[in-house]
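Architecture at a glance
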Amino acid sequence: MSDLRALRADFPILSREVNGKPLVYLDSAATTQKPQSVLDAMNSYYENSNANVHRGAHTLAVEATDLYESARTKVAAFIGTSPSQLAFTRGTTTAINHIAYGWGLHHLSEGDKILLTIMEHHANIVPWQLVAKYTGAELVYLDLDDDFGVDTSELDKVLDERVKIVSFSGMSNVTGALGPIDVLSKAAASVGAISVLDAAQLVPHTNVDVEALGVDFLAFSSHKMLGPTGIGALWGRADRLEEMEPAEGGGEMINVVERHASTWAPVPHKFEAGTPPIAEAVGFGAAVDYLSAVGMDNVVAHERSITAYALDRLSEVPDLTIYGPKDVSKRGGAVSFELGDIHPHDIATILDQDGIAVRAGHHCARPLMKYLEIPATARASFYLYNVPEEVDLLVESLHKARGIFGLV
Amino acid sequence: MSDLRALRADFPILSREVNGKPLVYLDSAATTQKPQSVLDAMNSYYENSNANVHRGAHTLAVEATDLYESARTKVAAFIGTSPSQLAFTRGTTTAINHIAYGWGLHHLSEGDKILLTIMEHHANIVPWQLVAKYTGAELVYLDLDDDFGVDTSELDKVLDERVKIVSFSGMSNVTGALGPIDVLSKAAASVGAISVLDAAQLVPHTNVDVEALGVDFLAFSSHKMLGPTGIGALWGRADRLEEMEPAEGGGEMINVVERHASTWAPVPHKFEAGTPPIAEAVGFGAAVDYLSAVGMDNVVAHERSITAYALDRLSEVPDLTIYGPKDVSKRGGAVSFELGDIHPHDIATILDQDGIAVRAGHHCARPLMKYLEIPATARASFYLYNVPEEVDLLVESLHKARGIFGLV
Amino acid sequence: MAGLDELYREVILDHYRNPRRKGTLSGDHVHAEGNNPSCGDEFFLDLLVEDGVVVDAAMLGQGCSISQASGSMMMDAIVGQSVDDIQDLAGKFRIMMTIDEGENPVDEERPGSVLGDLEALQGVRKFPVRIKCADLAWTTLAQALDQTAS
Amino acid sequence: MAGLDELYREVILDHYRNPRRKGTLSGDHVHAEGNNPSCGDEFFLDLLVEDGVVVDAAMLGQGCSISQASGSMMMDAIVGQSVDDIQDLAGKFRIMMTIDEGENPVDEERPGSVLGDLEALQGVRKFPVRIKCADLAWTTLAQALDQTAS
Ligand SMILES: Cc1ncc(COP(=O)(O)O)c(C=O)c1O
Ligand SMILES: Cc1ncc(COP(=O)(O)O)c(C=O)c1O
C-alpha cells in the first residue's frame, strides 16, 4: 500500500475527536478535509492582498488579480489545459447549470434529446430537466449493466440525430463505478452532439488529461479535492466555449454595456459575472499544488489499495451487500453498502458513536436508488489521508451494529 | 467624528505597507477588508467541523449544518428578517440573476417592461437584458436629476401595467447617491410590478430593516461588508419566494427527483442547488456579528462624518469635480471625482505610489458614465476602518498629481 | 454506548420490524404523504375519521428504524381516539421530542403512563439529527387531520 | 517617486494633450476599434494602406495618458512606413513592453534611436497593470492590418 500516512499531519481536523474517539473520516466523496497549506493560502490572501480583481490600478488590486489568475493557471494545468479554457464557477452544480443554460437553452428544440445515465448525481439531472422544460427537449437514460457500469450495449437504440447533448459522470459518487468516457464521448460526436462530463468525483481521484478525454465540457468542484467550498470549475473545448452564451450577466463578464444590449468579454471571463470567489480561487490553487506535490499517481495507487482492502474486509461482514463493482480497476473509492435490515441512517448513527463518519441516504442520486430498488445506502469513501486501520475500525463498528440490531 | 479608530487593529491588512507607505485603503465600495474574527471563524470551521451539510447523520455533518444554518439566521436577523426568507447565493450578481431567471423568465412576455435607473451597476442591467432577450420584454430607464438622484418626476410617463419589474439600486457605487426606495417600491406595487432592490452598497452601510422597505426582493454581497468572497444573499417576500422558480437545479434544492421531473425543496433551500459556500456562510455570519457589535448606527455616523470631511477637503483641490450629491444625508461614502484633464487611471497610479488605493474606471456602470458624459472617474470610498488622516493623505497626493501633470 | 442503548430500545426494533397497520385503506378515507428529502424516509398515511374519531388507519413507509417505529407506534396510539385527544397527544409528543421547549411531559417514575410505547423514543433527544426521523409520521398525521378539518 | 517620473515623461504628457492625427479618414480606408473593458479606454483607428505602405491614418480615442500617448506616438511612427517595417516596429515595441520576454531592443546609450518617442513608454514596464494601456493602440493596429491583408 502506497503509504501516505505522514500526510495526515497536514490536516488539522484529523486530530480531533468525535464522541470521545479519534475522528475516522470516511466521507470524502461528500467533501474532503483541507490541508493547512490551503487555509494558509487563503489567510495570506486576506491578510495581505485582499482587493477586488480586474478593475483596479492600485497595488492590492494588481496582487489580487495576479493571485486569482495564477490560481486559474494552476487549476487548468492540473487537468492539462490552458487557463483560457477554464472558468471558475461556484462548483460542479453551477458549472453544469451554466452549460445547460449557456449551451443547452440555445441549441435544443422541441423533440431533441438529452442522453444521461441512470447513475447520475442530481447535479447532472435537474439542470437538464429545467432546460428540457424550457425547450421541449426530452431526457433519455442509459441503464446499468450487471456490474454497476453504464450499459452501452443498447446505445444504438437511443442514439440518433435528435440527441444534442450526452451528459454523464466520470465516476459515480454512489457505486464508485467509472463512467464509459470513451464510448460516450465518441457516441456523442458521431451524431454531432456535445458531451458533458461530470468530473466531480473524477478529477479529485484520477490523473485527468482533459484534452485527451474527447469530451466537450467538464465540471468539477474544489471542495472535493482538498480545496475550499464556494468554487469549482468549468472546462470547455475552445470552440464550444466560444459558441456558449453566458448564463449569468453582470460586471466583469462584459465588454461594452449599453442601455439595451451588451457585448461579452472574451472566454473565459464571459462566464464569470460579478465579483468572483477570489480567496476561494487562491485556496483551490493551493489545493492542486498540494495534490501535485503528492503526485496524482500516488493518490490513485493509495486509493486503489485502500479500496481493495476495504472491499475485502467488508466482504467478511455477514449480511453486508456492496453496491458497486468489485474490481478496483473499474471503480473509485466510494463504497456503498447495505447491512441486513439495518437502515443506513441507523448504521451512520451507530458508527458515529465510534467517531466514524460515513454518509447515509440517496446521495443525491434518487433515480439510481430507484433503479437499484433500494431506498438508501451507507457509503464509506476514501481519500489520500485514509489508512487501513480506519477500515478495520469501520468493520469493527459494523459488527457492533449487527449486535445492536440483533442480527445473527 | 464617531471614532472607531481602535477597530483598525482588528484588520490585519491595514498594517501592511504599499510602495513603502502605510496602506491607505479607500476602495471599500469594490470590496472591504476582513477583520481577524471573520478569518478565525472560517479557519475554525475548516479545522474542526468541515463536512457537507444537510445530508449526513455523522457529527461533523451535523455541526457543519448547524453552523451553516445559524449563519443564515444571523445574516437574516442583520436585515431584520427570518432565515426562511434568505437564500445564500454567490453574491449580489448571482442573486439578481436568480430573480431574473427564477421570476422574470416566468412572468415576462413580449412587450412587457422592466424599469431600471440609469445609475445601475452592470449586475442590475445585464441579467435583465438577458431575460428581456429571451422573453421579448423591453428595458426602460429613469434618468437622474440635477443632484445625481434618480429623477422620479416623469415616473407617470413610463409607469403602466406593462411594467412587470422595477429594479434599482439602494445606493450608487459611483456617485454614492441613495436610491428612491420608497417612491419606486410604491410605484411598482401600484401597477402590480415587483420591486427588486440592489442593496450591494446599502446593506453594508446603513441600518436595513428589509420588511419595512416595501420591496419584493433584495440582493447583497458578503465581501462588501467585511465577509468573505464567494457568498451573498437573496431576500424575498415570502409569497414572492414561493412564486419564484429555482434558477439552478441540482442536489439539496430538490424534494423528489424522478427521471423526467422533480419537485423542489421548500424555500429557501430550493434556491440553493449543490454544495453551498459553507465556510463562506460561516465567515459571513461572523462579519455581521462584527458589524452588529460595532453597531450599525455607529458605522453610519462614522461614514457620514468621514464622507463630509472628504467632500470638504476635496473641494479645496483646484480643478477637482465631484460626481455625486454634496449633502451627506442623500448619499453614502463612495466619492467619485475627476481632476482636471488627468485621467482617473493616472490618478490611481500616482496615488498608489503613496500607498493610497482608489478605484478608477467605469465602476461597472457604463450606461451611467455615458449619461454623465464622462469616460471614467476616480473613486475613493470609505468604511468603518477609515480615519480622517487618510483623507488628508489623499488630498496631499492629489496635489502631487496636479504637479506631475503640470496643472496650475 | 449508553446513548445507543437508549436510542435503539427493544420496543423500537420490534415496531421497526413488525410495523402495525401496514397497508392502505379502501373506501372513504383521507391520505397524506410525508418525506424527508435529506435522508429519503417516506411515510404514507390513510386515515378514516368519523364523527371526530379516528376509526381506522393504515400506513406504508420506508426509512430508518426511528421513523418507521415512530409511525408504527403512532398507529397504535391514534386508532380509536378522538381527534381532540390525538391533538393533545401530538402536543405531548412534540414536547417530549423537543430539546429545549417546555418540560418533558413523560413521567420518569411510571414509564409508559403518558405516551405508552412512544416514550421509548425519548432516547432520540440525544441525537438531534434523528429527531426529524421521529417527527415524520406526526407531521404526516397533521396533514391528514388538516384535510378532515376542511 | 523615481518610478512616476519615468512613467509620466514630458513627451508622454505632450502626446496625451496634443494627440497627433486625431480625427477620421474619409474615402477608402480600413477601420478598427479597440477597448480595455476593465478601464474603459478606447482607441479607434482609420488606416489607408496603398501598395503595402500606410499612406494615411487617423485616430480617435479616450483613456489614460499612457494609452492615448501610445496611440499618438504610434501614428507618428507608422504613417509613411511599409507594412513590413511596421510589423517589425510592432515586434520591437512588444518586446520593449514585455517584462520578461526577450531582450529590450532599446539602445540605452542612444535614446530614441530605435523606437523614437515611443521609447518614452519604457517606464511603463515598472507598472505592469498599465502595460495594457500602452498596448491598446497596437492591438488595434494589428486588427486593422489584418483587414488589409485579407
Ligand atoms: C451597486 C452594486 N450592485 C451590484 C454589485 C455586484 O456585486 P458582486 O460583484 O458582489 O456580485 C456591486 C459591486 O460590485 C455594486 O456596487
Ligand atoms: C458525481 C457528482 N456530481 C456532482 C456533484 C455536485 O457537486 P457540488 O455539490 O460541489 O456542486 C457531486 C457532489 O455532491 C457528485 O458527487
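Counting restarts for each chain: residues are numbered from 1 in the order of the written sequence. To label them, take the chains in the order written and letter them from A, then take the ligands in the order written and number them from 1. Reporting of local features is limited, given that this is a predicted model, to residues whose pLDDT is at least 70; pairs of side-chain atoms are given and counted only at 80 or more, and all residues count toward the totals for whole chains, interfaces and linings. With hydrogens and water excluded, all non-hydrogen atoms of the structure serve as input to the side-chain values.

1. Concerning the overall build of chain C
Our working rule: Strands here mean DSSP runs of E at least two residues long; helices mean DSSP runs of H or I at least four residues long; both are numbered from the N terminus. As a reference, a globule follows 2.2 Å times the number of residues to the power 0.38, and the radius of gyration itself is taken over C-alpha atoms. The rule is simple: take the accessible area with a 1.4 Å probe, protein chains only, and divide by the maximum for that residue type; under 20% is buried, over 50% is exposed, in between is partly exposed. A contact between two residues is defined here by any heavy atoms of the two lying within 4.5 Å. Surface exposure here means Shrake-Rupley accessible area, sampled with a 1.4 Å probe, where a residue is shielded only by the protein chains that are shown. Two residue types count as positive, namely Lys and Arg, and two as negative, namely Asp and Glu; His and chain ends fall outside the count. By convention, charge coordinates are those of NZ in Lys, CZ in Arg, CG in Asp, or CD in Glu.
Helix and strand counts for chain C come out as five helices and three strands. Scanning chain C from its N terminus toward the C terminus, one meets helices and strands in the order α-α-β-β-β-α-α-α. The C-alpha radius of gyration of chain C comes to 15 Å, within 12% of the 15 Å expected for a compact globule of 150 residues. On the principal axes, the C-alpha backbone points of chain C span a range of 45 × 30 × 25 Å. Of all 150 residues assigned to chain C, the portion counted as buried reaches 48%. Excluding contacts between residues fewer than 6 apart, the proportion of contacts in chain C whose partners are at least 24 apart in sequence is 62%. Roughly 6800 Å² of accessible area belongs to chain C as shown, and the carbon and sulfur atoms make up 45% of that amount. Counting 12 positive and 26 negative side-chain charges, chain C places the centres of these two groups 7 Å from one another.

2. Re the overall build of chain A
For chain A, the count of helices and strands is 13 helices and 17 strands. For chain A, the C-alpha radius of gyration of 22 Å lies close to 22 Å, the compact-globule estimate for 408 residues. Out of the 408 residues belonging to chain A, those deemed buried represent 70%. A sequence separation of at least 24 residues applies to 72% of the contacts in chain A between residues at least 6 apart. Carbon and sulfur atoms make up 51% of the accessible area of chain A, which totals about 11600 Å².

3. Here's the deal with the interface of chain B and chain A
You'll often see interface size given as the accessible area lost when the parts meet. Short version of the rule: Put simply, buried area is how much 1.4 Å-probe accessible surface two parts lose in total, over both of them, once they are put together. Salt bridges are defined as contacts in which a side-chain nitrogen from Lys or Arg sits within 4 Å of a carboxyl oxygen from Asp or Glu. Polar contact is the term for a pair of N or O atoms within 3.5 Å; when the atoms are in protein, one must be able to donate a hydrogen and the other to accept it, and sequence-neighboring residues count only if both atoms are side-chain atoms. Throughout this entry, Asp, Glu, Lys and Arg are counted as charged residues, while Ala, Val, Leu, Ile, Met, Phe, Trp, Tyr, Cys and Pro are counted as nonpolar. The remaining residues, Gly among them, count as polar.
With 98 residues of chain B at the contact, the number on the chain A side is 98 residues. For the chain B and chain A pair, buried surface summed over both sides reaches about 7600 Å², with 52% attributable to carbon and sulfur atoms. When the buried area of chain B at its contact with chain A is split by residue, Y46(B), R90(B) and R259(B) rank highest and sum to 10% of it. For the salt bridge of E63(A) with R16(B), the shortest nitrogen-to-oxygen distance reads 2.8 Å. Summed over the shared surface of chain B and chain A, the result is 51 residue pairs in polar contact (both at pLDDT 80 or more). For the side of chain B that touches chain A, the element with the highest residue contribution is helix α1 (residues 36–49) of chain B, accounting for eight residues. Classifying every residue of the side of chain B that touches chain A by side-chain character gives 47 nonpolar, 32 polar and 19 charged.

4. Here we look at the environment of A219(A)
Residue and element names in this part refer to chain A. Here A219 is to be found in strand β9 (residues 217–221). The class of A219 is buried, set by a relative accessible area of 0%. For the pair A219 and D312, spaced 93 residues apart in the sequence, the C-alpha separation amounts to 32 Å. Setting aside chain neighbours within four positions, we find A219 in contact with T92, A95, I96, L197, D198, A199, A200 and A233.

5. Looking at the nonpolar core
Proteins that are soluble and globular tend to have nonpolar side chains buried together. The condition is simple: Note on terminology: a nonpolar core comprises buried Ala, Val, Leu, Ile, Met, Phe, Trp, Tyr and Cys residues joined through side-chain atoms within 4.5 Å.
In this structure, W128(A), F220(A), L384(A), W128(B), F220(B) and L384(B) are the most contacted members of the largest nonpolar core, which totals 245 residues. When residues no more than four places from it in sequence are discounted, the contact partners of L384(A) are L4(A), L7(A), L226(A), Y290(A), L291(A), V294(A), V299(A) and H302(A).

6. A closer look at the relation of the copies chain B and chain A
This is how it is decided: What sets the superposition is a least-squares fit of C-alpha atoms, and only residues with pLDDT of at least 70 in both copies go into it.
When chain B is fitted to chain A, the best match, at an RMSD of 0.0 Å, comes from turning it 180° and sliding it 0.0 Å along the axis. Expressed as a symmetry operation, the mapping of one chain copy onto the other fits a two-fold axis. Every residue of chain B has its C-alpha some distance from the rotation axis, and the shortest such distance is that of G230(B), at 2.8 Å.

7. With respect to the pairing of strand β17 (residues 377–381) of chain B
Residue and element names in this part refer to chain B. To keep it simple, the criterion reads: For two strands to pair, DSSP has to find at least two bridges joining them.
Taking burial as the measure, the five residues of β17 include five buried ones, the bulk of the element. Of the two faces of β17, both are covered, the one formed by T377, R379 and S381 as well as the one formed by A378 and A380. Examined bridge by bridge, strand β14 (residues 334–339) and β17 share four bridges and lie antiparallel to one another. Opposite V335, over in β17, you have A380 as the bridge partner.

8. Re the interface of chain A and chain D
Listed as interface residues are eight residues of chain A and, on the opposing side, four residues of chain D. Put simply, chain A and chain D have zero salt bridges between them. Viewed at the interface, chain D and chain A are joined by one residue pair in polar contact (both at pLDDT 80 or more). Counting residues per element, the side of chain A that touches chain D draws most heavily on strand β11 (residues 254–257) of chain A, which supplies three residues.

9. Some points on the site of ligand 2
As a reminder of what qualifies: Proximity criterion: a residue is near a molecule or strand once any of its heavy atoms comes within 4 Å of it.
Inspection of the region around ligand 2 gives 13 residues, with T93(A), D198(A), S221(A), K224(A) and T275(B) positioned closest. Near ligand 2, residues from chains A and B are present, making the site a shared one. Side-chain polar atom of Q201(A) to an oxygen atom of ligand 2: 2.7 Å apart, as the coordinates give it. Taking K224(A), its side chain carries an N or O atom lying 2.8 Å from an oxygen atom of ligand 2.

10. Concerning unusual backbone geometry
Residue and element names in this part refer to chain A. The omega torsion across V267 and P268 is 0°, close enough to zero to call that bond cis. Take P268: it is sitting in the loop between β12 (262–264) and α9 (278–294). Of note, D319 is a non-glycine position whose phi angle comes to about 70°, a positive value. Along the chain, the position of D319 falls in the loop between α10 (296–315) and β13 (320–323). A relative accessible area of 38% places D319 in the partly exposed class.

11. Observations regarding the domain arrangement of chain A
Residue and element names in this part refer to chain A. Let me state the cut-off plainly: An automatic or database domain assignment is the source of the domain bounds shown.
Domain annotation of chain A identifies domain 1 (4–28 + 295–404) and domain 2 (49–292). Computed from C-alpha coordinates alone, the two centres of domain 1 and domain 2 are separated by 28 Å. Tallying the contact residues gives 35 residues for domain 1 and 30 residues for domain 2. Carbon and sulfur atoms make up 61% of the area that domain 1 and domain 2 hide from each other, which totals about 2700 Å². Taken together, domain 1 and domain 2 are joined by one salt bridge.

12. Topic: the sheet that holds strand β10 (residues 232–236) of chain B
Residue and element names in this part refer to chain B. The condition is simple: Between N-to-C directions, angles span 0 to 180 degrees; the directions come from axes that are lines fitted to C-alpha atoms, helices contributing only their stretch in contact.
Strand order across the open sheet formed by seven strands is β4-β10-β9-β8-β7-β5-β6, with mixed pairing between neighbours. Bordering the open sheet on either side are β4 (86–89) and β6 (138–142), each of which pairs with just one other strand. When strand polarity is set aside, the average angle formed by the axes of neighbouring strands in this sheet is 20°. The pairing of strand β5 (residues 113–117) with strand β7 (residues 163–169) spans three bridges and is classified as parallel.

13. Topic: the arrangement of the chains
Ranking by contact count across five pairs of chains in contact places chains A and B at the top. If you take every C-alpha in chain C and every C-alpha in chain D, the smallest gap between them is 43 Å, and the two do not touch.

14. Considering the sheet that holds strand β2 (residues 41–50) of chain C
All names here are of chain C. Taken together, three strands build an open sheet; the order of strands is β1-β2-β3 and the sheet is antiparallel. One side of each edge strand has no neighbouring strand; the edge strands of this open sheet are β1 (30–36) and β3 (53–62). Sheet twist, expressed as the average angle between the axes of neighbouring strands with direction ignored, equals 20°. In this sheet, β2 lies alongside β1 in antiparallel orientation, the contact comprising seven bridges. The residue of β2 that forms the bridge with E33 is F44. Helix-sheet contacts for helix α3 (residues 65–78) involve β2 and β3, and the interaxial angle to β3 is about 165°.

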